[in-house]
Amino acid sequence: MSAGSPASVFSSQCSIGSKFGLPSGMKRLDVSHKPQATKSIIQGASLSGGFEHITVLREEVVAALRSVPAGVIVDCTLGGGGHSEALLRSRDDIRVIGIDRDPSAIAAATERLSDFGDRFVACEGSYSDIARIVSEQGVERVSGIVADVGVSSHQIDTADRGFSFQKEGPLDMRMGPCVGPTAADYVNNVERQELCDALRAYGDVRSPWKVAGAIVDNRPFKTTLELAEVISVALGGRRGRVHPATRSFQAIRIVVNDELGELKALLSLIPSLLIPGGIASIISFHSAEDRMVKRSFFDMAGVGSERDAYGNPMVAPKARLLKRGAVKGGGENVRARSARLRSLEWM
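Below: a short report on this structure. The structure presented is a predicted model; accordingly, all values stated were derived computationally and were not measured.

**A short note on the pairing of strand 3 (residues 120-124)**
Thinking step 1. In terms of burial, strand 3 is largely enclosed, as 5 of its 5 residues are buried.
Thinking step 2. Burial of the side chains of strand 3 extends over both faces: Phe120, Ala122 and Glu124 are buried on one face and Val121 and Cys123 on the other.
Thinking step 3. The sheet contact formed by strand 2 (residues 94-100) and strand 3 spans 5 bridges and is parallel. Along strand 3, the bridge assignment pairs Ile99 with Cys123.
Thinking step 4. Viewed along the sheet, the connection from strand 2 through helix 3 (residues 103-112) into strand 3 turns out right-handed.

**Here's the deal with the pairing of strand 5 (residues 274-284)**
Thinking step 1. The buried fraction of strand 5 is high, at 10 of 11 residues.
Thinking step 2. Here strand 4 (residues 142-148) pairs with strand 5 via 6 bridges, running parallel. Pairing of Val142 across the sheet is with Leu274, part of strand 5.
Thinking step 3. Direction of pairing for strand 5 relative to strand 8 (residues 340-346): antiparallel, over a ladder of 6 bridges.

**A closer look at helix 3**
Thinking step 1. Turning to helix 3, its buried residues number three or more, namely Ser104, Ala105, Ile106, Ala108, Ala109 and Arg112.
Thinking step 2. Structurally, helix 3 contributes buried residues whose contacts are with helix 2 (82-90), strand 2, strand 3 and helix 5 (153-157).

**Looking at the environment of Leu87**
Thinking step 1. As for its placement among the helices and strands, Leu87 is situated in helix 2.
Thinking step 2. The class for Leu87 is buried, based on a relative accessible area of 2%.
Thinking step 3. Among residues more than four places away in sequence, those in contact with Leu87 are Val62, Leu65, Ile73, Ile94 and Val146.

**Concerning the packing of aromatic side chains**
Thinking step 1. Scanning the model with the defined rule gives 1 aromatic pair in all.
Thinking step 2. Summarising the aromatic geometry, the rings of Phe165 and Phe249 are spaced 5.6 Å apart at their centres and angled 85 degrees between planes, so their arrangement reads as edge-to-face. Note that Phe165 is positioned in the loop between helix 5 and helix 6 (183-187) and Phe249 in helix 10 (residues 246-256), a separation of 84 residues in sequence.
Thinking step 3. Judged by relative accessible area, Phe165 falls into the buried class, the value being 17%.
Thinking step 4. Classification of Phe249 by relative accessible area gives buried; the value is 2%.

**Quick notes on helix 10**
Thinking step 1. Counting buried positions along helix 10 gives 8 out of 11 residues, so the element sits mostly inside the fold.
Thinking step 2. Ser248, Phe249, Ala251, Ile252, Arg253, Ile254, Val255 and Val256 are the residues of helix 10 that are buried.
Thinking step 3. Looking at the packing, one finds that the buried side of helix 10 touches helix 6, helix 7 (192-203), helix 8 (208-218), helix 9 (224-234), helix 11 (259-273) and helix 12 (287-301).
Thinking step 4. Following helix 10 by one or two positions, Asp258 adopts a phi angle in the positive range, close to 50 degrees.

**Some remarks on the pattern of salt bridges**
Thinking step 1. According to the stated counting rule, one finds 13 salt bridges in the structure shown.
Thinking step 2. Asp204 is paired through a salt bridge with Arg247; the nearest N and O atoms lie 4.0 Å apart. In this pair, Asp204 sits in the loop between helix 7 and helix 8 while Arg247 sits in helix 10, placing the two residues 43 residues apart along the sequence.
Thinking step 3. Residue Arg247 is classed as partly exposed on the basis of its relative accessible area, which comes to 44%.
Thinking step 4. Glu345 is the salt-bridge partner of Arg320, the closest N and O atoms lying 2.7 Å from each other. Of this pair, Arg320 sits in strand 6 (residues 319-321) while Glu345 sits in strand 8, placing them 25 residues apart in sequence.
Thinking step 5. The structure contains a network of salt bridges with shared partners spanning Glu85, Arg89 and Arg112.

**As for the packing of helix 7 against helix 10**
Thinking step 1. Their axes nearest at 8 Å, the elements helix 7 and helix 10 cross at an angle of 100 degrees. Here helix 10 runs roughly perpendicular to helix 7, going by the angle between their axes. Of helix 10, the residues touching helix 7 (which contributes Ala198, Leu199, Tyr202 and Gly203) are Arg247, Ser248, Gln250, Ala251, Ile254 and Val255.
Thinking step 2. Residues belonging to the contact of helix 7 with helix 10 are distributed by class as follows: 6 nonpolar, 3 polar and 1 charged.

**Some thoughts on a positive patch on the surface**
Thinking step 1. A contiguous patch of positive charge, built from Arg291, Lys294, Arg295 and Arg324, is present on the exposed surface.
Thinking step 2. Following the sequence through the fold, Arg295 ends up in helix 12.
Thinking step 3. On the basis of relative accessible area, Arg295 is assigned to the exposed category, the value being 58%.

**Details of the nonpolar core**
Thinking step 1. Judged by nonpolar contacts, the single largest core of 34 residues is most densely connected at Ile97, Ile130, Val142, Ile145, Leu266, Ile270 and Phe297.
Thinking step 2. Sort the elements by how many residues they give to this core and helix 11 lands first, with 6 residues.
Thinking step 3. Within the second largest apolar cluster, 32 residues are counted, among which are Phe165, Met175, Val230 and Ala251.

About the cut-offs
Residues numbered from 1 in each chain as written. Predicted model: local features only at pLDDT ≥ 70, side-chain atom pairs only at ≥ 80, totals over all residues. Heavy atoms only, no water. Buried < 20%, exposed > 50% of the residue type's maximum accessible area, 1.4 Å probe, protein only. Helix = DSSP H or I, 4+ residues; strand = E, 2+ residues; numbered from the N terminus. Pairing = 2+ DSSP bridges. Right-handed = clockwise from strand over helix to strand, strands pointing away. Contact = heavy atoms within 4.5 Å. Phe/Tyr/Trp six-rings, centres within 6.5 Å; stacked < 30°, edge-to-face > 60°. Salt bridge = Lys/Arg side-chain N within 4 Å of Asp/Glu carboxyl O. Axes fitted to C-alpha atoms, helices over the stretch in contact; angles between N-to-C directions. Parallel < 35°, antiparallel > 145°, perpendicular 65-115°, else oblique. Nonpolar A, V, L, I, M, F, W, Y, C, P; charged D, E, K, R; others polar. Patch = residues over 30% accessible without salt bridge, like charges linked within 9 Å, V, L, I, M, F, W, Y side chains within 5 Å. Areas by Shrake-Rupley, 256 points an atom, 1.4 Å probe, with all protein chains shown as cover. Lys, Arg positive; Asp, Glu negative; His and termini not counted. Charge placed at Lys NZ, Arg CZ, Asp CG, Glu CD. Core = buried A, V, L, I, M, F, W, Y, C linked by side-chain atoms within 4.5 Å.

Shown next, in the form of structure tokens:
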């Protein structure tokens, strides 16, 4: 079935993504403990139970994909299903494959979007599993790709997931709660120089060598608040609105989930997955992520490429930018302040 073919029932079963790459330089650890069970119910104004997530740049994403050809859109970061729901409501001639590493997100979105029937299917996996998942659903190419890179509000607010530096919980931080080493495995075994490099590259942490040293000197760590306190003391305590451990926790989370490696895998799939006229829209929150998306999109669109004496590109571009700059987040959701949306149309 091609992306532009008539509607057909998606496979009712999705393969579970079971293989996730480890960050470069991070050794595979022997993890014998089992993660604590995560909540798999929904919560919020329009949801019921224990899953709550605020959709970032929802209307902007819908606007970017409004003109895509009829067919399939892949929501690569399903979360609570906010983007998927908005896209399904905006068009009757599209279907959505929603993908997420988090089983609780899969459960929440499946319940939320049940009224759309066979126009929606949820699958567990990461960016590097997208090509396989799409193929298993009988789809060759798609009309749209949407990704909201980073951690969800639900994951931050659920203490048992170990993402929050303000709530006591196991030091976990895995987006897929049953896959790979935890944040505790990482900080309790990583060498100081490697940790320093990660804090600097992925968190822009002030005094990364000092923070890395404090972590190494005070380990082992079991809980989020233990680690947050050591980082806070190393940086001289709280001096303003931003918690001293914010950037360090971000950097550790990015390493544990190999977020930049997964983003690179997603960007590499765009040429083989999008049909002509198809659009990829990616929301990023960290400067390193946004740089990766910007450079990849600019390369595909031929921005900055060699031109002839008449100003024409020597090599025809494969895509075009919907907007040269990024659409910025904001509004009432304070966690969306750093959000940047970039969109690309395949030609």
